[in-house]
Amino acid sequence: MKRFSVIALAALLVVALAMPAAALENIFGGYWRTRAYTQQQFSGDNRDESGDLSQVDTRTRLYYTAKLNDNLSFVNKFEFDAVWGDDDLGDIGADGKVFEIKNSYVDWNMGALRVAAGIQGFAANRSFSIDDDASGIKVIYTLSDSIVLPFSWLRVEEGYVNSAGIDDNKLNDGDVDHLTFSPLFKLGDSIKINPTIIYVTGQDARGNAKFDVPIAFDNVDAITTSLNVDADLDFASVWFTGGFQSGSVKNDVTREDLDLKGYLIALGADANLGAAAVHGQFFYASGDDDLGDSDVDAWLAFPGASYYWSEIMGYGMFDTQVSNGSPADKISNIYAANLGATIKPMDKLKVTMDVWYAALAEDNAAGDDVLGTEVDLKVTYQLVEGLNLDVVGAYLFADDATGDDDPIEVGSRLSISF
């Protein structure tokens, strides 16, 4: 697979250089960052060093788009990751064997209709439901300047093994599909309303590791109905996301159908007060108070859900691990509140400070619920035009649901984007 990926990239570059200049437009871009950081006591117990990590890593992303004409483009994104000193790429010799194809899709327009097919990014409900790359199709119809009608289908999992453990590519057992209809309505220049319906369906999806949920199940027919609202006001910008889940999953042990009843509420605001820009947010994702009954009361983070929030409890800039007890970016059974501010002491310098409080919506197995209060400080400085340096310090005043010891994170990041 790695050899095929390298050959594919080489072939794309050869084709791009060989085509007549008038035949297509070659668009190149990318992103690079190197991080050095330490994370200590993330296990919640200083006697358990499994939560201690100190490392330097690098990520390179290269983008190439072949624009054949105004209505047709071929889009590709490639990625290389390396931990310094790691055998795969970052050690002495540095002959990399790590090559990832992030995106590869065709994007074309037919009047008011736009279609994108292939491996691409999908996002919905402000990342609470999905924000990830996947293989699928987007169909977007622009009815007017104020009404856009997007539909997408993506294949979460192609499962060829049925429940008896027998390979049979005719049965489609284990297939999991994700369908989204997410119309956008603009009320003037300041208000956007985005109702969204997501349907996740799969039969005999037993043991699918992509489902990070509190129960073991196979069959799934889940509907997430939500509403997203954004408003740009004279003094601030505000946003809201609310949703509930319905449908059912089948318990993998009892074979009982479980009704989905989870819900989520999230809201936030940003205001420029002159000397400082103030921001805040709150989200609540329901938990399940009884895993043995016939209802699933927790808001389920289905495959692809990825909402980053605080530095220690919610991944943040150094997204290798999170503190003990937190659901990380898979928002479920948690509520959190944030207040922060950003100031610019000079043209190239920006300082941001955030305070987060988080707790579990329902007690964990030990009867604890409060995760703690986290303080994050980030300083961003432009070293030269196009090259930024970020320095981050974060401290979590841990409560019982995290552990006895306070997690600490300190790190820096160099980054460019072009």
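The coordinates are above.
The rules behind each value
Numbering of residues starts from 1 in every chain and runs along the sequence as written. Where local features are concerned, this predicted model is filtered to residues with pLDDT of at least 70; where side-chain atom pairs are given and counted, the filter is 80 or more; whole-chain, interface and lining totals use all residues. Note that water and hydrogens are dropped before the side-chain values are worked out from all heavy atoms of the structure. In this description a helix means any DSSP run of H or I spanning at least four residues, a strand means any run of E spanning at least two, and both kinds are numbered starting from the N terminus. The buried label applies to any residue whose accessible area, calculated with a 1.4 Å probe on protein chains only, is under 20% of its type's maximum; exposed applies above 50%, and partly exposed to all values in between. Here, two residues are considered to be in contact whenever any of their heavy atoms come within 4.5 Å of each other. Here the Shrake-Rupley method, with its probe set to 1.4 Å, supplies the accessible areas, and only the displayed protein chains count as covering residues. What makes two strands pair is DSSP finding at least two bridges between them. Whenever Lys or Arg places a side-chain nitrogen within 4 Å of a carboxyl oxygen from Asp or Glu, that contact is recorded as a salt bridge.

Peer 1: Explanation requested: the overall build of the protein chain in the structure shown.
Peer 2: For the protein chain, the helix and strand inventory stands at one helix and 21 strands. Evaluated residue by residue, the protein chain yields a buried proportion of 41% over its 418 residues. A sequence separation of at least 24 residues applies to 54% of the contacts in the protein chain between residues at least 6 apart. Element-wise, carbon and sulfur atoms account for 57% of the exposed surface of the protein chain, whose accessible area totals about 21000 Å².

Peer 1: What exactly am I supposed to notice about the pairing of strand β2 (residues 53-69) here?
Peer 2: Here is the key point about a regular strand: its side chains alternate between the two faces of the sheet. Bridging between strand β1 (residues 25-40) and β2 involves 15 bridges; their strand directions are antiparallel. Residue pairing in the sheet places Y37 in a bridge with Q55 of β2. Bridging between β2 and strand β3 (residues 72-83) involves twelve bridges; their strand directions are antiparallel. Bridging from a neighbouring strand, L62 pairs with F78 of β3. Here β2 hands over to β3 after two residues, the two strands then running antiparallel side by side.

Peer 1: Would you mind going over unusual backbone geometry with me for this structure?
Peer 2: Where the residue is not glycine, phi is negative for most of them; where a peptide bond is considered, it is trans in most cases. Although it is not a glycine, Q41 sits at a positive phi angle of roughly 65 degrees. Positionally, Q41 belongs in the loop between β1 and β2. Of note in the backbone geometry, N333 takes a positive phi value of approximately 50 degrees without being a glycine.

Peer 1: Would you take a moment to explain the pattern of salt bridges for this structure?
Peer 2: Pairing of side chains with opposite charge becomes possible as their charged atoms draw close. Going through the model one piece at a time under the given rule, you end up with 16 salt bridges. The shortest N-O distance in the salt bridge between R33 and D57 comes to 3.0 Å. On the criterion of sequence distance, the pair formed by R33 in strand β1 and D57 in strand β2 is long-range, its members being 24 residues apart. D57 matches R33 in its accessibility class, with the two residues each being buried. Between D57 and R35 there is a salt bridge; the shortest N-O distance is 2.8 Å. Residue D57 is located in strand β2, and its partner R35 is located in strand β1; the two are separated by 22 residues in the primary sequence. Taking the relative accessible area as the measure of exposure, R35 reaches 4% and is therefore buried.

Just distances and angles here, no functional claims.
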